Amino acid sequence: MENNVLVNEDQALGTGQLLKVTALVYLKEALVAQKYETCRELIDTAKKAGVDQGDIDAVITDYLNADSPGRKKTNRLRIY
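Heads up: these notes are all about the structure in this document. Computed from a predicted model, the values in this text were never measured in an experiment.

Conventions and cut-offs
- Residues numbered from 1 in each chain as written.
- Predicted model: local features only at pLDDT ≥ 70, side-chain atom pairs only at ≥ 80, totals over all residues.
- Heavy atoms only, no water.
- Helix = DSSP H or I, 4+ residues; strand = E, 2+ residues; numbered from the N terminus.
- Buried < 20%, exposed > 50% of the residue type's maximum accessible area, 1.4 Å probe, protein only.
- Contact = heavy atoms within 4.5 Å.
- Areas by Shrake-Rupley, 256 points an atom, 1.4 Å probe, with all protein chains shown as cover.
- Expected span 1.5 Å × (residues − 1).
- Arc of directions from axis to C-beta.
- Core = buried A, V, L, I, M, F, W, Y, C linked by side-chain atoms within 4.5 Å.

Each helix and strand in the protein chain was counted, giving 3 helices and 0 strands. Taken from N to C terminus, the helices and strands of the protein chain fall in the order α-α-α. Looking at the 80 residues of the protein chain, the share that counts as buried comes to 22%. Partitioning the contacts of the protein chain with sequence separation of at least 6, the portion at a separation of at least 24 is 61%. With the model as given, the accessible surface of the protein chain reaches about 6,200 Å², and the carbon-plus-sulfur share is 50%.

The structure is reproduced here in structure tokens:
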């Protein structure tokens, strides 16, 4: 059986990049769910995965600038 994957190889994320994006998504989800007690651990994990402080700050800033914190869900993660 062949394994057919529908992904453009030029746009595919490497393992390191995927870990960074996942860490930022988990942080964003914790903020939206208002689980602030887990944010410090998620930030530390994101830094260990190689996420820049600026990207972490951007996720937090987007959350703070949302019209209704905890309710407004946006997809504004920057992927480079």
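What follows continues from the structure just given.
Before going further, it helps to spend a moment on helix α3 (residues 53-65). Its 13 residues place the ends of α3 18 Å apart at the C-alpha level, agreeing with the 18 Å of an ideal helix rising 1.5 Å per residue. Taken together, the buried positions of α3 are occupied by Asp55, Ile56, Val59 and Tyr63. One side of α3 holds all its buried residues, which, seen down the axis, span an arc of 110°. For α3, the exposed residues set more than 90 degrees away from the buried face come down to Leu64 and Asn65. On its buried side, α3 packs onto α1 (15-32) and α2 (39-48).

In terms of nonpolar packing, the biggest core is built from 12 residues, these being Ala23, Leu24, Leu27, Ala30, Leu31, Cys39, Ile43, Ala46, Val51, Ile56, Val59 and Tyr63. Residue assignment for this core shows that the elements contributing at least two residues are α1, α2 and α3. If we ignore the near neighbours within four places in the chain, the residues touching Val51 are Lys20, Ala23, Leu24, Ala46 and Ile56.

A few words on unusual backbone geometry. Among all residues except glycine, the phi angle is most often negative; among peptide bonds, the trans geometry is most common. Of note, Gln34 is a non-glycine position whose phi angle comes to about 60°, a positive value. Structurally, the position occupied by Gln34 is in the loop between α1 and α2.

Moving on to α2. Those residues of α2 not exposed but buried are Cys39, Ile43 and Ala46. End-on view of α2: buried residues confined to an arc of 60°, all on one side of the axis. α2 presents Glu41 and Lys48 as exposed residues on the side facing more than 90 degrees away from its buried surface. Considering only its buried residues, α2 is in contact with α1 and α3. Residue Gly50 follows α2 closely and has a positive phi angle near 100°.

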